[in-house]
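Analysis of the macromolecular model
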Amino acid sequence: MISIVLGTRPEIIKFSPVIRELEKKGIDFSIIHTGQHYSKEMDEVFFCELGLPEPKHNLRVGSAPHSVQIGNMLLRLDKVLKKEAPDLVMVLGDTNSTLAGALAASNLRIPVAYVESGLRSFDMDMQEERNRLLVTQCADLHFAPTETSKRNLLAEGVPEKNISVVGNTIVDACLQNLKLTEEKYRKELGGFVLMTAHRAENVDNRKRFSEIINGVNSIGARIVYPIHPRARKMLEKFKLDPGKIKLVEPMGYLEFLYHLSRARFVITDSGGVVEEATCLKIPSVCVRDSTDRPEAVEAGLCVMAGADSSAIKRYGKRISEDETFRDGMKSGENPYGDGKAARRVVDALQSRL
Ligand code: UD1
Ligand code: UDP
């Protein structure tokens, strides 16, 4: 039996194709939700839309400083994993839930399969980078999305026999759901730029958040920003004026994909959104100083602007106004796989169990 430990929006979305594949193959599994994300629009909406089974356990840890949150998860996971006694625990990504799931399993000597293993930003100021490095140490099986991520793992001494390059399950999710979005959302959309920004290093820092907002406003385009609860809280705390940016509630997955697929381009600090945009050949402007998605940048579909208002304006205007530049970006190849990552993960697990 496999236990899947997850806790946040991107983990639910990226695990969804794996869960579908496990169901298709009749493999016994259960979902343990840490409760890191709990608002309906960050959690329940994805289970409903993606037709996922309800978590067997919800640990309801909620929000707290990193160590407290991870500590609470560990306490509760230890109990639940002892009771469930799975043959294997599967985690994905780089969140506090990912780390707690891997560490709790490893402490009980339960094998750990790590999906989306090997991403690195080489920026230890990011909680996510520290989480990834630690999860890598706990994992027995590594599902790397690309050859670059495999190389990162090899450089850290992970044995090659424990690594499979499978692609990123976000491509599976994106392709599987795109058709559904077309059926569900028939309203004409276009002529707008989509924006998401939620990373702690951006929105918890007044200067960086206001640089991003000023840069985005200076592009002179219609901007739609489904705002993450963390970002909304900080925007209010810092009393920042969003200007012409249209703030909307976080969207469900189908609505978000529909918007992304119709956007002129996207401005984002999200890893998952850069991957999806790359898959859909929508140019992205990444508002971060480092990237853990170098493949998207190398493919030409993503440019790095940092939290620098003039760089955001420059790139934004160029993508909007310079057709040759925009078409050049759109001609990049998707490096994140063929949409069969989940099948490869489940095939590998099946032969292991
Ligand atoms: C977490 C991940 C981040 C990931 C993001 C996906 C870590 C360290 N960070 O960041 O890597 O990109 O999820 O979205 O694990 N909040 C709500 N409702 C919720 C969840 C959060 O209102 O359902 C608010 C709370 O005020 C909370 C804040 O958002 O304090 C931050 O939540 P948290 O889970 O700590 O981190 P994220 O910023 O969501
Ligand atoms: N997403 C969504 N609704 C939104 C914003 C994002 O469904 O309003 C999805 C998006 O399609 C992607 C995932 O959330 O699959 C990315 O999660 P997030 O940006 O929260 O985290 P990150 O990928 O940066 O860890």
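The coordinates are above.
The structure contained in this document is the topic of the report that follows. (Residues numbered from 1 in each chain as written. Chains lettered and ligands numbered in written order. Predicted model: local features only at pLDDT ≥ 70, side-chain atom pairs only at ≥ 80, totals over all residues. Heavy atoms only, no water.)

1. Examining the overall build of the protein
- Tallying secondary structure elements over the protein gives 16 helices and 13 strands in all.
- Relative to a compact globule of 353 residues, whose C-alpha radius of gyration would be 20 Å, the protein shows 20 Å and is just as compact.
- Principal axes of the C-alpha set define a box for the protein whose edges measure 55 × 40 × 40 Å.
- Counting across all 353 residues of the protein, residues that qualify as buried make up 58%.
- If you take every contact in the protein between residues at least 6 apart in sequence, the share linking residues at least 24 apart comes to 68%.
- Put simply, the protein has 50 plus and 48 minus side-chain charges, and the middle of one group is 3 Å from the middle of the other. (Helix = DSSP H or I, 4+ residues; strand = E, 2+ residues; numbered from the N terminus. Rg over C-alpha atoms; globule rule 2.2 N^0.38 Å. Buried < 20%, exposed > 50% of the residue type's maximum accessible area, 1.4 Å probe, protein only. Contact = heavy atoms within 4.5 Å. Lys, Arg positive; Asp, Glu negative; His and termini not counted. Charge placed at Lys NZ, Arg CZ, Asp CG, Glu CD.)

2. Considerations on the pattern of salt bridges
- According to the stated counting rule, one finds 28 salt bridges in the structure shown.
- Put simply, aspartate 338 and arginine 344 hold a salt bridge, and the shortest N to O gap is 2.6 Å.
- Through salt bridges with shared partners, a single network forms among Lys14, Asp94, Glu116, Glu129, Arg132, Glu275, Arg288, Asp292 and Arg293. (Salt bridge = Lys/Arg side-chain N within 4 Å of Asp/Glu carboxyl O.)

3. Quick look at the packing of aromatic side chains
- This structure, assessed with the given rule, holds 1 aromatic pair.
- Look at tyrosine 185 and tyrosine 258: their rings are 5.6 Å apart centre to centre, the planes differ by 25°, and that puts the pair in the stacked class. Here tyrosine 258 lies in helix α11 (residues 253-262) and tyrosine 185 lies in the loop between α7 (169-184) and β8 (192-196), a separation of 73 residues in the sequence.
- When the ring centre of tyrosine 315 is taken as origin, the NZ or CZ atom of arginine 314, which lies over that ring, is 5.8 Å away.
- The side chain of arginine 318 reaches across the aromatic face of phenylalanine 325, ending 4.1 Å from its centre. (Phe/Tyr/Trp six-rings, centres within 6.5 Å; stacked < 30°, edge-to-face > 60°. Lys NZ or Arg CZ within 6 Å of the ring centre and 35° of its normal.)

4. Let's talk about the site of ligand 2
- Around ligand 2 there are 17 residues in total, and Arg9, Met251, Ser270, Gly272 and Glu276 lie nearest to it.
- A distance of 3.1 Å separates an oxygen atom of ligand 2 from a polar atom in the backbone of glycine 271.
- Glycine 272 is positioned with one of its backbone polar atoms (N or O) 2.8 Å from an oxygen atom of ligand 2.
- Taken by itself ligand 2 offers 540 Å² of open surface, and the protein chains cover 95% of this.
- Elements supplying a minimum of two residues to the shell around ligand 2: α1 (9-24), α11 and α12 (271-280).
- Looking at the shell around ligand 2 residue by residue, the class counts come to 9 nonpolar, 5 polar and 3 charged. (Near = heavy atom within 4 Å. Polar contact = N/O pair within 3.5 Å; in protein donor to acceptor, adjacent residues only side chain to side chain. Areas by Shrake-Rupley, 256 points an atom, 1.4 Å probe, with all protein chains shown as cover. Nonpolar A, V, L, I, M, F, W, Y, C, P; charged D, E, K, R; others polar.)

5. Looking at the side chain of aspartate 292
- Tracing the sequence through the fold places aspartate 292 in the loop between β12 (284-286) and α13 (294-298).
- Note on aspartate 292: relative accessible area 3%, which makes it buried.
- Engagement of the side chain of aspartate 292 in a polar contact is seen with the side chain of arginine 132, the distance being 2.8 Å.
- Polar contacts involving the side chain of aspartate 292 include one to the side chain of arginine 288, which spans 3.2 Å.
- The contact partners of aspartate 292, leaving out residues within four places of it in the chain, are Leu119, Arg120, Ser121, Met126 and Arg132.

6. Regarding helix α16 (residues 341-352)
- Taking 1.5 Å of rise per residue, the 12 residues of α16 would be expected to cover 16 Å, and the 17 Å separating its terminal C-alpha atoms lies within 8% of that figure.
- Considered for burial, the residues of α16 that qualify are Ala341, Ala342, Val345, Val346 and Leu349. The arc that holds every buried residue of α16, seen down its axis, measures 125°, which confines them to one face. (Expected span 1.5 Å × (residues − 1). Arc of directions from axis to C-beta.)

7. Topic: the environment of glycine 339
- By the secondary structure assignment, glycine 339 is in the loop between α15 (323-330) and α16.
- Separated by 308 residues in the primary sequence, glycine 339 and isoleucine 31 have C-alpha atoms spaced 23 Å apart.
- Sequence-distant contacts of glycine 339, that is, excluding residues within four places in its chain, are made with Val171, Asp172 and Leu175.

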